[in-house]
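# Descriptive analysis of the structure
Below, each chain spelled out in residue letters.
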Amino acid sequence: MLESFVMTPALVVGRHTQIVGWNRLAVAVFGDFPSLPESRRTLSHLLFTETYLRELYRAGWERVAREHVGHLRVLFGRYRGDSGLAAHIGHLREVSADFARMWAEHPVARVRSRVYVLHHPVVGEMTLHGEMVKLPEESSCYGLDLFAAEPGSASEEALRKLASA
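Residues numbered from 1 in each chain as written. Predicted model: local features only at pLDDT ≥ 70, side-chain atom pairs only at ≥ 80, totals over all residues. Heavy atoms only, no water.

For the protein, the name recorded in an unreviewed UniProt entry is MmyB-like transcription regulator ligand binding domain-containing protein, with Nonomuraea thailandensis as its organism.

This is the structure we're talking about:
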């Protein structure tokens, strides 16, 4: 199913923010996370420990990171008693001062629709609209994260270039 999204970067995300599925365009846009060890292949680790993602978001990184921490708070409340999620959060608090600071601020936010301005090293600036589609309750999957560009825009052309590369 993921590969059918030819012009849409797509990820399947688990309740610990682990990336459990992806298509080729998601890798082309967001980096080679499949090469990371499975224990570090989470949205949280990518945001807080991988410098290339900070560079991809640039000035928007703080907002994206804060929204992510707020989303983790929602997951933490929804899945009370999930020792894996608690361990994931504990680990992030140890490895990232930014995460620890934001977690201590107690943000709460559901992440669904959002807009990202990305600064891609190959195609330059592009704006993508993200949508988190909740999947049925399943311990390994939380949602399907889809990203699209405005039809006819320079961002759509950038996605075309990445898709054909």
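Turning our attention to the packing of helix α5 (residues 83-95) against helix α6 (residues 97-104). Direction vectors running N to C along α5 and α6 enclose 120°, while the axes themselves pass 5 Å from each other. Between α5 and α6, the interaxial angle falls into the category oblique. For the pair α5 and α6, contact is made by I89, L92, R93 and V95 and by A97, F99, A100 and W103, respectively. Looking at the contact of α5 with α6 residue by residue, the classes come out as seven nonpolar, no polar and one charged. (Axes fitted to C-alpha atoms, helices over the stretch in contact; angles between N-to-C directions. Helix = DSSP H or I, 4+ residues; strand = E, 2+ residues; numbered from the N terminus. Parallel < 35°, antiparallel > 145°, perpendicular 65-115°, else oblique. Contact = heavy atoms within 4.5 Å. Nonpolar A, V, L, I, M, F, W, Y, C, P; charged D, E, K, R; others polar.)

Two elements in contact, helix α4 (residues 61-78) and α5, have axes separated by 10 Å at closest approach and are oriented at 150°. With respect to α5, the element α4 is oriented roughly antiparallel. Of the two elements, α4 crosses α5, and the hand of that crossing is left-handed. Side by side, α4 and α5 meet where L72, L75 and F76 of the first sit next to L85, A86, H88, I89 and L92 of the second. In terms of residue class, the contact of α4 with α5 is made up of seven nonpolar, one polar and no charged. (Left-handed = near helix turned anticlockwise from the far one by under 90°.)

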